[in-house]
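# Inside the fold
Next come the chains, spelled out residue by residue.
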Amino acid sequence: MTKTGCIAIVGRPNVGKSTLLNTILGEKVAITSKKPQTTRNRITGIHTDGERQFVFLDTPGIHKPRTKLGDYMMKTAQQTLAGVDASILVVEAREAVGDIEAGILEKFKASDMPAILVINKVDAVRPVNIAKTIEAYAKAFDFAAVVPLCAKNGKGVDALLSECEQFLYEGDFMFPTDELTDQPERQIVAEIIREKLLRVLDEEIPHGTAVSIEEWKEKKDVVSIRAEIYCEKSSHKGIIIGKNGATVKTIGTYAREDIENMLGCRVFLDLYVRVKENWRDNEFNIQNFGYREES
Ligand SMILES: Nc1nc2c(ncn2[C@@H]2O[C@H](COP(=O)(O)OP(=O)(O)OP(=O)(O)O)[C@@H](O)[C@H]2O)c(=O)[nH]1
Ligand SMILES: [Mg+2]
């Protein structure tokens with residue numbers, strides 16, 4: 001008898017939702033970074049273990065949107081919540097429930113959503129702060145379980161999976177047992193490049209970038225990929241390219257390493273930088289970059 005269920009992973013930006021998804025799966029399917037608002041789309045991660053299949057849905061961090069892209073990200077998170085059997089609310093240890101978290105708990109209450117509280121990054125806080133966090137959240141919501149863990153090194157993740165089992169129901173698997181994510185390879189490649197932009201570039205610039213895969217040619221044991229990096233201003237283009245092309249070269253080198261690991265073959269990666277003024281506020285552009293609602 002197989003069991004399955006869909007579980008959303010929600011929370012404010014930067015708390016480690018995507019890191020947690022990757023650790024559960026044992027593979028990287030979602031990009032992560034030190035900068036908030038890294039995840040832009042819903043990302044499905046499938047964990048099949050014997051007769052159980054957990055379908056986790058990583059979501060963009062909940063924040064107050066300032067652009068149409070931000071509106072899309074928030075809509076994505078809300079719609080994901082509407083379609084799942086349960087949720088994991090990921091927080092960092094704090095003495096009080098934050099405004100964002102309080103808003104999420106209101107949504108849980110309005111839809112009778114069963115939820116687990118994950119207190120992440122326990123490697124970076126004192127136990128007394130974990131205890132205070134548990135106390136504050138227990139007053140605000142009746143969680144099915146509370147699991148302190150470290151998504152980065154995996155400590156506590158097995159306990160989380162055991163707790164998630166209560167949300168599974170008897171039914172056929174939704175995905176083949178060897179599938180880890182529903183993202184096409186091209187999308188993962190575009191995301192890997194965006195992750196390197198977030199890693200190499202300073203504060204605001206990477207938030208205004210998007211990556212589009214323009215060409216993908218497979219020959220014997222090499223894949224040639226041409227990707228375009230879009231940014232919002234010509235001054236940003238100069239920064240992304242860097243002196244004598246040094247910055248874009250670094251981005252390409254980091255990205256190529258990861259893409260080769262993922263595809264298991266050699267990769268030629270050609271990156272071009274283009275400007276699309278204010279694309280984040282243009283509905284047509286954001287849809288063109290793949291930020292569109294699924295039918
Ligand atoms: N110390 C520590 N850092 C962590 C842990 N988990 C995640 N991080 C770091 O927290 C940062 C944010 O991680 P992400 O997984 O990108 O966070 P997110 O919640 O998906 O962020 P958004 O996509 O912006 O909503 C990264 O620098 C991670 O390495 C952890 O258990 N301990
Ligand atoms: Mg994320």
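How each quantity is defined
- Residues numbered from 1 in each chain as written.
- Chains lettered and ligands numbered in written order.
- Predicted model: local features only at pLDDT ≥ 70, side-chain atom pairs only at ≥ 80, totals over all residues.
- Heavy atoms only, no water.
- Core = buried A, V, L, I, M, F, W, Y, C linked by side-chain atoms within 4.5 Å.
- Buried < 20%, exposed > 50% of the residue type's maximum accessible area, 1.4 Å probe, protein only.
- Helix = DSSP H or I, 4+ residues; strand = E, 2+ residues; numbered from the N terminus.
- Domains from an automatic or database assignment.
- Contact = heavy atoms within 4.5 Å.
- Donors = N, O, S within 2.8 Å, 3.2 Å for Na, K, Ca; no water.
- Near = heavy atom within 4 Å.
- Polar contact = N/O pair within 3.5 Å; in protein donor to acceptor, adjacent residues only side chain to side chain.
- Areas by Shrake-Rupley, 256 points an atom, 1.4 Å probe, with all protein chains shown as cover.
- 1 Å grid on protein atoms, 1.4 Å probe; cavity = no way out; pocket = protein on both sides within 12 Å on 5 of 7 lines; lining within 4 Å.
- Points joined across faces, edges and corners; volume = space filled by probe spheres on them.
- Nonpolar A, V, L, I, M, F, W, Y, C, P; charged D, E, K, R; others polar.
- Pairing = 2+ DSSP bridges.

Across soluble globular proteins, nonpolar side chains show a tendency to be buried alongside one another. The biggest cluster of nonpolar side chains holds 33 residues, and the ones touching the most others in it are Leu89, Phe108 and Phe143. Take this core: its biggest share by element is six residues, from helix 2 (residues 68–82). Both domain 1 (3–170) and domain 2 (185–288) contribute no fewer than three residues apiece to this core. Here phenylalanine 108 is in contact with Val10, Leu81, Ser87, Leu89, Met113, Ala115 and Phe141, once residues within four sequence places are set aside. Within the second largest apolar cluster, 27 residues are counted, among which are Leu20, Phe54, Ile116 and Leu161.

Within the protein, the atoms that donate to the magnesium ion (ligand 2) are Ser18 (OG) and Thr39 (OG1), at distances of 2.0 to 2.1 Å. One end of the pair, serine 18, is in helix 1 (residues 17–25); the other, threonine 39, is in the loop between helix 1 and strand 2 (43–49), with 21 residues separating them in the sequence. Per residue, the accessibility class of serine 18 equals that of threonine 39, and both read buried.

Moving on, we come to the site of ligand 1. Looking at ligand 1, there are 21 residues lining it, with Lys17, Thr19, Gln37, Thr38 and Asp123 nearest. At 2.8 Å, a side-chain N or O of aspartate 123 approaches a nitrogen atom of ligand 1. At 3.2 Å, a backbone N or O of lysine 152 approaches an oxygen atom of ligand 1. The fraction of the free accessible surface of ligand 1 (660 Å²) that becomes covered by protein chains is 91%.

Of the voids in this model, the largest pocket is the one considered here, and its volume is about 560 Å³. Around the largest pocket sit 21 residues that line it, and Asn41, Gln187, Phe289, Gly290 and Tyr291 are the ones nearest its centre. Residue assignment for the lining of the largest pocket shows that the elements contributing at least two residues are helix 6 (185–200) and strand 8 (210–219). Per element, the largest residue contribution to the lining of the largest pocket is five residues, and it comes from helix 6. Of the residues that constitute the lining of the largest pocket, the class distribution is seven nonpolar, six polar and eight charged. Here the lining of the largest pocket spans two domains, since at least three of its residues come from each of domain 1 (3–170) and domain 2 (185–288). Its boundaries defined by the atoms lining it, the second largest pocket holds a volume of some 470 Å³. Along its surface, the second largest pocket is lined by 25 residues, and Asn14, Gly16, Thr19, Ser33 and Lys121 are the ones closest to its centre. Here the element with the most residues in the lining of the second largest pocket is helix 1; it accounts for three residues. Of the residues belonging to the lining of the second largest pocket, the class tally is seven nonpolar, 12 polar and six charged.

For threonine 67, the position within the fold is in the loop between strand 3 (52–58) and helix 2. For threonine 67, a relative accessible area of 18% corresponds to the buried category. Excluding anything up to four places from it in sequence, threonine 67 contacts Arg280 and Asp281.

With that settled, consider the environment of leucine 81. Note on placement: leucine 81 falls in helix 2. We classify leucine 81 as buried; its relative accessible area is 12%. Measuring from C-alpha to C-alpha, the distance between leucine 81 and glycine 245 comes to 43 Å, with 164 residues separating the pair along the chain. The contact partners of leucine 81, leaving out residues within four places of it in the chain, are Ala8, Val10, Ser87, Phe108 and Met113.

Regular strands have side chains that alternate between both faces of the sheet. In terms of residue burial, strand 1 (residues 3–10) counts as a mostly covered element, since seven of its eight residues are buried. Bridging between strand 1 and strand 3 involves seven bridges; their strand directions are parallel. Looking at the pairing, glycine 5 lines up with phenylalanine 54 of strand 3. The pairing of strand 1 with strand 7 (residues 169–170) spans two bridges and is classified as antiparallel. Of the residues in strand 7, the one forming a bridge with threonine 4 is tyrosine 169. As judged from the four bridges shared by strand 1 and strand 4 (residues 86–92), these two strands associate in the parallel manner. Paired with isoleucine 9 across the strands is isoleucine 88, a residue of strand 4.

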